[in-house]
Amino acid sequence: MRALDLPPPVLIAPPSSQKGRNASPDWTARSDTPNRPQRVTLTLDPVSAEVIGREGFSAKHPIDKVIGYGIAAHEGQLFGWVNQLLGVLAALGLITLSVSGLVIWWRRRPEGQLGAPPALPESRIAMGLGLLIVLFGVLLPVLGISMIAIALIERFALRHIPGVRRWLGLDHNPVSFQKP
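These figures come from a predicted structure and were not determined experimentally. (Residues numbered from 1 in each chain as written. Predicted model: local features only at pLDDT ≥ 70, side-chain atom pairs only at ≥ 80, totals over all residues. Heavy atoms only, no water.)

A separate point is the overall build of the protein. Of the regular secondary structure elements, the protein holds five helices and four strands. Going from the N terminus to the C terminus, the protein shows its helices and strands as β-β-β-β-α-α-α-α-α. Classification of the 180 residues of the protein by burial places 13% in the buried group. Across the protein, the fraction of contacts at a sequence separation of at least 24, relative to all contacts at a separation of at least 6, is 32%. (Helix = DSSP H or I, 4+ residues; strand = E, 2+ residues; numbered from the N terminus. Buried < 20%, exposed > 50% of the residue type's maximum accessible area, 1.4 Å probe, protein only. Contact = heavy atoms within 4.5 Å.)

Structure (structure tokens):
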């Protein structure tokens, strides 16, 4: 496949044996390189093995191009080791953020309680936050299902266990977050 200038690995498919619209008497050679912008598909004549068609990344729809670049960048294939270094730095940053958030919460939480923030007062901010949560729940269905499941578990199980209710701050008395 070096003579056809296809980045490896290359997948070669024989002519389609099915009858119908998609049936083709031609062979295809397709690059399946991880770097999607470098992928090429060739159509080959079955008798002479000459290239009769070439479809590269530049011939794709703009949305396909954006998705291809995004996937290649996400997988660390677009800019070589620089892309992979950026991915490692992003992962280390997220780990640092998660660990530092846990440490800060642990140091500032009220003694013997979870330390969740109190509910927002009834205002436009609380309404806006509620609408934003509903919007995210609709646009991200797994998040929406998770939020509904947690709300049902809290409403029908956790509120009825006194120790858990007190630890989660579900009692009616507000929690003070200021240290004495």
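Picking up after the structure, the text goes on.
Turning next to the pattern of salt bridges. Opposite charge on two side chains lets them pair, provided their charged atoms get close. Under the counting rule described, the total for this entry stands at four salt bridges. Between Asp 32 and Arg 39 there is a salt bridge, and its shortest N-O distance comes to 3.3 Å. It is possible to trace a salt-bridge network through shared partners that takes in Arg 30, Asp 32 and Arg 39. (Salt bridge = Lys/Arg side-chain N within 4 Å of Asp/Glu carboxyl O.)

A word on unusual backbone geometry. Following Pro 8, the chain continues to Pro 9 via a peptide bond in cis, the omega torsion being -5°. You can see Pro 9 is positioned in the segment before β1 (10-13).

Pairing is antiparallel in the open sheet, where four strands are placed in the order β1-β2-β3-β4. Lying at the two open borders of the sheet, with one neighbouring strand each, are β1 and β4 (51-55). Put simply, the sheet's adjacent strands are angled 15° from each other on average, direction ignored. (Pairing = 2+ DSSP bridges. Axes fitted to C-alpha atoms, helices over the stretch in contact; angles between N-to-C directions.)

Their axes nearest at 5 Å, the elements helix α3 (residues 124-139) and helix α4 (residues 141-156) cross at an angle of 120°. Considering the angle they form, α3 stands oblique to α4. The residues of α4 that touch α3, namely those facing Ile 133, Phe 136, Gly 137, Val 138 and Leu 139, are Pro 141, Leu 143, Gly 144 and Met 147. Of the residues in the contact of α3 with α4, the class split is seven nonpolar, two polar and no charged. (Parallel < 35°, antiparallel > 145°, perpendicular 65-115°, else oblique. Nonpolar A, V, L, I, M, F, W, Y, C, P; charged D, E, K, R; others polar.)

Okay, the packing of aromatic side chains next. One pass over the structure, following the stated rule, counts two aromatic pairs. Between the aromatic rings of Phe 57 and Tyr 69, the centroid separation amounts to 5.1 Å while the plane-to-plane angle is 80°, which identifies the pairing as edge-to-face. In this pair, Phe 57 is assigned in the loop between β4 and α1 (62-74) and Tyr 69 in helix α1, connecting sequence segments twelve residues apart. By relative accessible area, Phe 57 is classed as buried at 9%. The class of Tyr 69 is partly exposed, set by a relative accessible area of 42%. (Phe/Tyr/Trp six-rings, centres within 6.5 Å; stacked < 30°, edge-to-face > 60°.)

Following the sequence through the fold, Ala 49 ends up in the loop between β3 (41-44) and β4. Residues Ala 49 and Asp 26, 23 residues apart in the sequence, show an inter-C-alpha distance of 9.2 Å.

With that settled, the discussion passes to the side chain of Ser 31. Mapped onto the secondary structure, Ser 31 falls in strand β2 (residues 27-31). There is a polar contact of 2.7 Å between the side chain of Ser 31 and the backbone oxygen of Pro 7. Not counting chain neighbours up to four residues away, the residues in contact with Ser 31 comprise Leu 6, Pro 7, Pro 9, Val 10, Gln 38, Arg 39 and Val 40. (Polar contact = N/O pair within 3.5 Å; in protein donor to acceptor, adjacent residues only side chain to side chain.)

In this section: the pairing of β2. Of the strand pairs in this sheet, β1 and β2 are connected by four bridges, and their pairing is antiparallel. Residue Val 10 lies in a different strand from β2, and its bridge partner there is Ser 31. In this sheet, β3 lies alongside β2 in antiparallel orientation, the contact comprising four bridges. Each bridged residue has a counterpart across the sheet, and for Ala 29 the counterpart in β3 is Leu 42.

All right, on to a nonpolar patch on the surface then. A surface patch of nonpolar side chains, amounting to about 1,100 Å² of accessible area, comprises Phe 79, Trp 81, Val 82, Leu 85, Leu 86, Val 88, Leu 89, Leu 92, Ile 95, Val 99 and Val 103. In this fold, Leu 86 is placed in helix α2 (residues 81-108). (Patch = residues over 30% accessible without salt bridge, like charges linked within 9 Å, V, L, I, M, F, W, Y side chains within 5 Å. Areas by Shrake-Rupley, 256 points an atom, 1.4 Å probe, with all protein chains shown as cover.)

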